[in-house]
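Residue strings, one per chain:
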Amino acid sequence: MLSVGEMLNDPHVRARNMVVEVEHARLGKTRALGTPIKFSATPTAVTRAAPVLGQHTRELLGEYGYSDAEIAQLAASGDVVIATGG
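Residues numbered from 1 in each chain as written. Predicted model: local features only at pLDDT ≥ 70, side-chain atom pairs only at ≥ 80, totals over all residues. Heavy atoms only, no water.

**Considering unusual backbone geometry**
Operational definition: Counting from the N terminus, the helices are DSSP H or I runs at least four residues long and the strands are E runs at least two residues long.
Phi angles above zero are rare outside glycine, and N17 is one such case at about 55 degrees. With respect to the element layout, N17 can be found in the loop between helix 2 (11-15) and strand 1 (19-24).

Okay, here's the thing in structure tokens:
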């Protein structure tokens, strides 16, 4: 049984990309779990950190046809969360 620290530095874990470094919007460089299942014909990779609450709200609502004014109104009313800053 390995401790968390030992597991993060285990050569097998590192070789299999089970723990990867990603850039987080607020935390900067951090570690995240890599993909646990490996397929030779369809490789996967974790390329970014999980978003912060509201990080993509404006972009997604725009893709669904909401205007900037409608998005601002939804945010002002508290119906949606839009992240501010990085």
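Moving on, there is more to tell.
**Observations regarding a nonpolar patch on the surface**
As a reminder of what qualifies: Put simply, a patch holds well-exposed residues, over 30% relative accessible area, that have no salt bridge, with like charges counted together within 9 Å and Val, Leu, Ile, Met, Phe, Trp or Tyr side chains within 5 Å. Where accessible areas are quoted, they stem from the Shrake-Rupley method and a 1.4 Å probe; at the residue level, only the protein chains shown are allowed to cover. When a carboxyl oxygen of Asp or Glu lies within 4 Å of a side-chain nitrogen of Lys or Arg, that pair is called a salt bridge. Only protein chains enter the accessibility calculation, which uses a 1.4 Å probe. A residue is then buried if its area is under 20% of the maximum for its type, exposed if over 50%, and partly exposed in between.
Taken together, the side chains of L60, Y64 and Y66 define a hydrophobic patch exposed on the protein surface, amounting to about 360 Å² of accessible area. In this fold, Y66 is placed in the loop between helix 3 (57-63) and helix 4 (68-77). Here Y66 falls in the partly exposed class, since its relative accessible area comes to 39%.

**Quick word on the side chain of H24**
Filter applied, for reference: For the purposes of these results, a polar contact is taken to be a pair of N or O atoms within 3.5 Å, where, inside protein, one atom must be able to donate a hydrogen and its partner to accept one; residues adjacent in sequence count only when each atom of the pair is a side-chain atom. Any two residues whose heavy atoms approach within 4.5 Å at even a single point are treated as in contact.
If you trace the backbone, H24 turns up in strand 1. In terms of polar contacts, H24 uses its side chain to reach the backbone amide nitrogen of R26, at 3.0 Å. Among the polar contacts listed, one links the side chain of H24 to the backbone nitrogen of L27, at a separation of 3.1 Å. Contacts of H24, omitting those with residues within four sequence positions, involve T30, A49, A50 and V52.

**What to know about the pairing of strand 2 (residues 28-33)**
In plain terms, the rule: The pairing criterion is simple: DSSP has to find at least two bridges between the two strands.
Taken together, the six bridges between strand 1 and strand 2 define a ladder with antiparallel strand orientation. In the strand pairing of strand 2, V22 is matched with T30. Between strand 1 and strand 2, which pair antiparallel one after the other, the connecting turn spans three residues.

**Regarding the side chain of T57**
Relative to the helices and strands, T57 resides in helix 3. Within polar-contact distance, the side chain of T57 engages the backbone oxygen of V81 at 2.7 Å. Sequence-distant contacts of T57, defined by excluding residues within four places in its chain, comprise V80, V81 and I82.

**Points about the environment of E63**
If you trace the backbone, E63 turns up in helix 3. For E63 and V52, which are 11 residues apart along the polypeptide, the C-alpha to C-alpha distance reads 19 Å.

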